[in-house]
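# Chain and residue survey
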Amino acid sequence: MCFLTRPSEAYRDSFLSGAAEFCAEGRTDSTYAEFLGYDQKALERHFGDFVHDLLNLASDDALPRGWQQDQVFWLIGGGQYLGQTSIRPHLSSRYLLTYGGHIGYSIRPSRRRQGYGTRILALALEEARRLGLQRVLITCNSDNLPSKRIIEQNGGRYESAMAMPAHLLRAEGRSANGQVDKLRYWIELVPQPA
Ligand SMILES: CC(C)(COP(=O)(O)OP(=O)(O)OC[C@H]1O[C@@H](n2cnc3c(N)ncnc32)[C@H](O)[C@@H]1OP(=O)(O)O)[C@@H](O)C(=O)NCCC(=O)NCCS
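Worth saying up front: this structure is predicted, and the values here are computed from it rather than measured.

## Regarding the overall build of the chain
Secondary structure summary: the chain contains seven helices and seven strands in total. Starting at the N terminus and ending at the C terminus, the chain contains elements arranged as β-α-α-α-β-β-α-β-α-β-α-β-α-β. Its C-alpha atoms give the chain a radius of gyration of 16 Å, within 12% of the compact-globule value 16 Å for 194 residues. Along the three orthogonal principal directions, the C-alpha set of the chain runs to about 50 × 45 × 40 Å. Across the 194 residues that make up the chain, the buried fraction comes to 46%.

Okay, here's the thing in C-alpha cells:
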C-alpha cells in the first residue's frame, strides 16, 4: 500500500537516504534539491527550509519570475519515502510544451523494479485530474525503456518523437553527440463522477 503526499518533515530520514541514492547514481536533481540550492549537507541541516521551498513551487505567488508552477508529491510506502512525482499544470514554456510535459516521476534506486514507477504515475494522474487537467502530456527519452513501459501501462497514446538538441542532452548529463529522442505521449483524463 503506497500513497502520494505533499513533502513533509515527517519523512526526513528516509528522504535523506533516498536523496543520497539519487546523488550516487548522478541524478543530482531528481529531488529538486540542487535546483533549489541544497547539497546533501545543506539538506540535512536545513531540511525544514527545503520542504518549505519545495511546497512553494506549487504557489504562483511565491515563485521567482520566470519559474514554472510545479506541484511536487512524495510517494510513501511502509512509512518510507520511495520517490517523487511533479505535476506542471501549465505548459507555459517552450521546454515544457515540447520536452518536459505535465508530469515527471522518479523512484529511488533501491526501490526500483517493484512496480512503484507504474503506481506513481497512476497516482499522479489522479492528482492531475483533481487539479482539473483533462489530458496530460508525458514524455520520456527513447532509451528509457522502463519509463516508456510505465507510460504505456497507464494508457499513454504515442504522439511523436522530438530529437533532443545538444544543450538538452548536456542538461540531462548525457553526451551531446548521442542520438536520443524525446517520446511524447498523451493520456486522456476521464472526469470522475460527482
Ligand atoms: C523509470 C523509473 C521511474 C522506473 O521505476 P520502477 O519502479 O523501476 O518501475 P516499475 O517497477 O513500475 O517498472 C516499470 C516497467 O519497466 C520494467 N523495468 C524496470 N526497470 C527495468 C530495467 N532496468 N530494465 C528493463 N525493464 C525494466 C519493469 O519490468 C516494468 O515492466 P512490466 O510492467 O512489463 O513488468 C525509475 O527507473 C527511475 O526513477 N529512473 C530515473 C528517473 C526517470 O527516468 N524518470 C522517468 C523520466 S520520464
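This is not the end of the story, as more comes after the structure.
## Concerning the sheet that holds strand 6 (residues 157–163)
Reading across the sheet, the three strands line up as 5-7-6 and stay open at both edges, with antiparallel pairing between neighbours. Only two strands of the sheet have a single neighbouring strand rather than two, namely strand 5 (135–141) and strand 6. Between one strand axis and the next, the sheet turns by 25° as a mean value, whatever way the strands run. Bridge count for strand 5 against strand 7 (residues 181–188) is seven bridges, and the pairing is antiparallel. Bridge pairing links Cys140 to Leu183 in strand 7.

## Some thoughts on the site of the ligand
The full set close to the ligand counts 19 residues, and Arg113, Thr118, Asn144, Arg149 and Gln153 are the nearest of them. At 2.9 Å, a backbone N or O of Gly117 approaches an oxygen atom of the ligand. Within the contact set of the ligand, an oxygen atom lies 2.4 Å away from a side-chain nitrogen or oxygen of Gln153. Starting from 920 Å² of accessible surface for the ligand in isolation, the protein chains cover 71%. Those elements giving two or more residues to the shell around the ligand turn out to be strand 4 (103–107), helix 5 (116–130), strand 5 and helix 6 (145–153). In terms of residue count, the dominant contributor to the shell around the ligand is helix 6 (five residues). Counted by class, the shell around the ligand contains six nonpolar, nine polar and four charged residues.

## Structural notes on the sheet that holds strand 2 (residues 71–77)
Within a sheet, neighbouring strands are paired by backbone hydrogen bonds and run either parallel or antiparallel to one another. Spatial ordering of the open sheet is given by 1-2-3-4, a layout of four strands whose pairing is antiparallel. Two strands lie at the open edges of the sheet, namely strand 1 (2–5) and strand 4, each paired on one side alone. Strand-to-strand twist across the sheet, computed as the mean angle between neighbouring axes with direction ignored, equals 25°. Where strand 1 and strand 2 come together, four bridges link them in antiparallel fashion. The residue bridging Thr5 from the neighbouring strand is Trp74, located in strand 2.

Parameters at a glance
- Residues numbered from 1 in each chain as written.
- Predicted model: local features only at pLDDT ≥ 70, side-chain atom pairs only at ≥ 80, totals over all residues.
- Heavy atoms only, no water.
- Helix = DSSP H or I, 4+ residues; strand = E, 2+ residues; numbered from the N terminus.
- Rg over C-alpha atoms; globule rule 2.2 N^0.38 Å.
- Buried < 20%, exposed > 50% of the residue type's maximum accessible area, 1.4 Å probe, protein only.
- Pairing = 2+ DSSP bridges.
- Axes fitted to C-alpha atoms, helices over the stretch in contact; angles between N-to-C directions.
- Near = heavy atom within 4 Å.
- Polar contact = N/O pair within 3.5 Å; in protein donor to acceptor, adjacent residues only side chain to side chain.
- Areas by Shrake-Rupley, 256 points an atom, 1.4 Å probe, with all protein chains shown as cover.
- Nonpolar A, V, L, I, M, F, W, Y, C, P; charged D, E, K, R; others polar.

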